[in-house]
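# Topology and contacts: notes
Each chain, letter by letter, is given below.
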Amino acid sequence: MRFSMPGVRKPVKHIAIIGGGPAGATAAERLLAPNSGRTSGDIRVTVFEEKQGWEKPCGGGLPWKALERYPFLLEATDEHRLVREAELVAGDGRAVRFSLRRPLAIYSRATLNQLLLRRAVHAGAEIVADRVVGVCRDRGGWRLRGSSRFHRGKQADYTADYVILAAGARSALRGSFAPPFAPRDFMLTFGYYAPLDAPDGSVRERGLDRLLRVQFFEDFEGYAWAFPRPDHLSLGICGKAGENRMSALQERLRAFMETFGYGHGHSRARGNPVFSHLLPALSPDGWSAMRLAGDGWAMVGDAAGLVDPVTGEGIYFAMRSGELLAESLRAASFNGDSAPRYADRVREDFGRRLALGARLAPLFYHGDFLGQPSTTRLVQFAARSAAFAGLLQDLIEGSQSYSGLASRLYRGFGRAVAGTVVGAIRDRLKGAVTAENTEAAEKPRAAA
């Protein structure tokens, strides 16, 4: 059901943000920022978050574009790890390893969420430890119903002039504002948190605590990952919902862990060793039907489906969407008329990129290029061509748009193919010379 208030532009004095993850916390902090043009006493911002810091099967990687836009993520004293080495593995086992020109910062989600919530509180936001289970219109504003679990069996009611939904893609509250996502609009994720201090010390000895590794699979929309965090590894896999069973994902992940020596970790993972989550990865139809805001409400982050369908990256887009919504509300002088401005800002800033990614994802993961899967060719060319290696760097940093990807692929294609052919010939010659030398060395022994 969609709500509207025709002709009503009620001044906003109280904003309720449902969800305190990266999107909700960033929106709260930016709404109350000193440079907003209004003092924190002009409006009241309440963030409803029951967990106030939690884990999920997520690498937690923040690309350079996020660190550049939000430098406090790089400067924070909260535990995080800067990663400068990466490896991509193709479905056939071929791999390319390279040093990143600019590092990724990897946070545990619990640490990151707590950091962003602290910034929101410092700016003047109120954090309420409650789960909002219902929302409805009330006298030109909103009434929110809390969970009885937090109030000795009784439900608490709250009111607000404006509601921001930031409670994730699976939130049942999404249906109060826009149609729910279709099953095809999700990726299923599964993962472990494995300690770095294995009894045999093999993780640190082999540098696995410093290496970001991603493996693709043939004809599989998704990937397995190993992201090093300060005191553990985030090991996980994501696959398109509806195309994969959980048991199949678990088997792929276990094989990945055993192949690269992570297999010891799952039995000693921190807390509950197994995590599963649904990650939005919108289809083209999902993007066409997207509705980000309406009269007196808006959605940000995963709740809005703002995740890259190719890479699964969502933290940057969550934070950026919260920031764009805050800017839109401030520009509208907090009169609730943010819907067109916010949607336009998202579209211009990164929405077109993500919509194009929705069309590219099936081609990227299921496509064939010169007789090999596209992901295999990507790894192969990157190992042989500086142009493709540079392209990979830009994709990881977030500086390469999908709209400009084709032209760079074409420019680098000739050099990459030439490099691959030359490399293959070199390998064959090297093999032939080795065989010839071996044969020559064995002849005297045979004669003797």
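Treat the numbers as computed from the prediction; the structure is a model and nothing was measured.

### Topic: the overall build of the protein
- Tallying secondary structure elements over the protein gives twelve helices and 19 strands in all.
- Residue burial in the protein is summarised as follows: out of 448 residues, 55% are buried.
- Of the contacts formed within the protein by residues at least 6 apart in sequence, a portion of 72% connects residues at least 24 apart.
- Of the roughly 20,000 Å² of accessible surface on the protein, 51% is carried by carbon and sulfur atoms.

### Focus: helix α10 (residues 374–384)
- Counted residue by residue, α10 has nine buried out of eleven residues, so it is predominantly covered.
- Turning to α10, its buried residues number three or more, namely Ser374, Thr375, Thr376, Arg377, Leu378, Val379, Gln380, Phe381 and Ala382.

### Observations regarding the packing of helix α1 (residues 22–31) against helix α4 (residues 109–123)
- One can describe the packing of α1 onto α4 by two numbers: an axis separation of 8 Å at closest approach and a directional angle of 20°. Our classification of the angle between α1 and α4 gives roughly parallel. For the element pair α1 and α4, the recorded crossing hand is left-handed. Here α1 contributes Pro22, Ala25, Thr26, Ala28 and Glu29 to the contact with α4, which in turn contributes Arg109, Leu112, Asn113, Leu116, Leu117, Arg119, Ala120 and Ala123.

### Section: the nonpolar core
- In terms of nonpolar packing, the biggest core is built from 78 residues, with Ile15, Ile17, Leu73, Leu144 and Tyr342 touching the most fellow members.
- In terms of residue count, helix α8 (residues 315–331) provides more of this core than any other element does, nine residues in total.

### Here we look at the pattern of salt bridges
- Using the criterion set out here, one finds 23 salt bridges in the structure.
- The partner of Glu323 in a salt bridge is Arg30, and the shortest N-O contact between them spans 2.9 Å. Here Glu323, found in helix α8, pairs with Arg30, found in helix α1; they are 293 residues apart in sequence, far enough to count as distant. Taken individually, Glu323 and Arg30 each receive the classification buried, so the pair is uniform in this respect.

### Here we look at the packing of α1 against α8
- Two elements in contact, α1 and α8, have axes separated by 7 Å at closest approach and are oriented at 30°. Between α1 and α8 the crossing geometry is right-handed. Across the interface between the two elements, Pro22, Ala23, Thr26, Ala27, Arg30 and Leu31 of α1 pack against Ile315, Ala318, Met319, Ser321, Gly322, Glu323, Ala326, Leu329 and Arg330 of α8.
- Grouping the amino acids of the contact of α1 with α8 by side-chain chemistry returns nine nonpolar, three polar and three charged.

### Considerations on the sheet that holds strand β5 (residues 95–106)
- Read across the open sheet, the eight strands follow the order β3-β5-β4-β12-β13-β14-β11-β15; overall the sheet is mixed. The two strands at the open ends of the sheet, each matched to only one other strand, are β3 (61–62) and β15 (275–280).
- Two strands pair when backbone bridges link them, and β3 and β5 are joined in this way by two bridges, in the antiparallel orientation. The residue of β5 that forms the bridge with Leu62 is Ala105.
- Strands in contact with helix α6 (residues 246–259) are β11 (186–195), β12 (211–215), β13 (222–228), β14 (232–240) and β15; relative to β11, the strand with the most contacts, it is inclined by about 40°.
- Contacts from α10 reach β4 (81–89) and β5, with the element oriented near 90° to β5.

### Here we look at unusual backbone geometry
- Even without being glycine, Arg139 reaches a positive phi, approximately 55°.
- On the basis of relative accessible area, Arg139 is assigned to the exposed category, the value being 81%.
- Phi is positive for Asp219, close to 50°, though the residue is something other than glycine.

### Overview of the packing of aromatic side chains
- Throughout the structure, instances matching the rule amount to 18 aromatic pairs.
- On the numbers, 5.9 Å between centres and 85° between planes, the contact of Phe181 with Phe186 is edge-to-face. For the pair shown, Phe181 and Phe186 are each scored as buried.
- Connected via pairs of aromatic rings, a cluster forms that spans Tyr70, Phe72, Tyr316, Phe317 and Phe350.
- Across the ring face of Phe72, the terminal group of Arg119 is positioned such that the distance to the ring centre comes to 3.6 Å.
- When the ring centre of Phe217 is taken as reference, the NZ or CZ atom of Arg252 above it lies at 5.0 Å.

### Examining the sheet that holds strand β7 (residues 132–138)
- An order of β7-β8-β9 is seen for the three strands of this open sheet, with the pairing classed as antiparallel. Here the strands that pair on one side only, and so sit at the sheet edges, are β7 and β9 (157–160). Across the sheet, the mean angle separating the axes of adjacent strands is 25° when strand polarity is ignored.
- Taken together, the four bridges between strand β8 (residues 141–146) and β9 define a ladder with antiparallel strand orientation.

### With respect to the pairing of strand β10 (residues 162–165)
- Of the two faces of β10, both are covered, the one formed by Tyr162 and Ile164 as well as the one formed by Val163 and Leu165.
- One ladder, built from three bridges, connects β10 with strand β17 (residues 297–299); its direction is parallel. Across the sheet, residue Leu165 finds its bridge partner in β17, namely Met299.

### Re α1
- A large share of α1 lies buried, amounting to ten of its ten residues.
- For α1, every residue scored as buried is listed here: Pro22, Ala23, Gly24, Ala25, Thr26, Ala27, Ala28, Glu29, Arg30 and Leu31.
- Buried residues along α1 sit against β1 (14–18), β2 (44–48), α3 (72–75), α4, β10 and α8.

### So, the environment of Gly286
- Inspection of the secondary structure puts Gly286 in helix α7 (residues 284–288).
- Distance from Gly286 to Gly305, taken between C-alpha atoms, is 8.7 Å for residues 19 residues apart in sequence.

Scoring rules and cut-offs
Residues numbered from 1 in each chain as written. Predicted model: local features only at pLDDT ≥ 70, side-chain atom pairs only at ≥ 80, totals over all residues. Heavy atoms only, no water. Helix = DSSP H or I, 4+ residues; strand = E, 2+ residues; numbered from the N terminus. Buried < 20%, exposed > 50% of the residue type's maximum accessible area, 1.4 Å probe, protein only. Contact = heavy atoms within 4.5 Å. Areas by Shrake-Rupley, 256 points an atom, 1.4 Å probe, with all protein chains shown as cover. Axes fitted to C-alpha atoms, helices over the stretch in contact; angles between N-to-C directions. Parallel < 35°, antiparallel > 145°, perpendicular 65-115°, else oblique. Left-handed = near helix turned anticlockwise from the far one by under 90°. Core = buried A, V, L, I, M, F, W, Y, C linked by side-chain atoms within 4.5 Å. Salt bridge = Lys/Arg side-chain N within 4 Å of Asp/Glu carboxyl O. Nonpolar A, V, L, I, M, F, W, Y, C, P; charged D, E, K, R; others polar. Pairing = 2+ DSSP bridges. Phe/Tyr/Trp six-rings, centres within 6.5 Å; stacked < 30°, edge-to-face > 60°. Lys NZ or Arg CZ within 6 Å of the ring centre and 35° of its normal.

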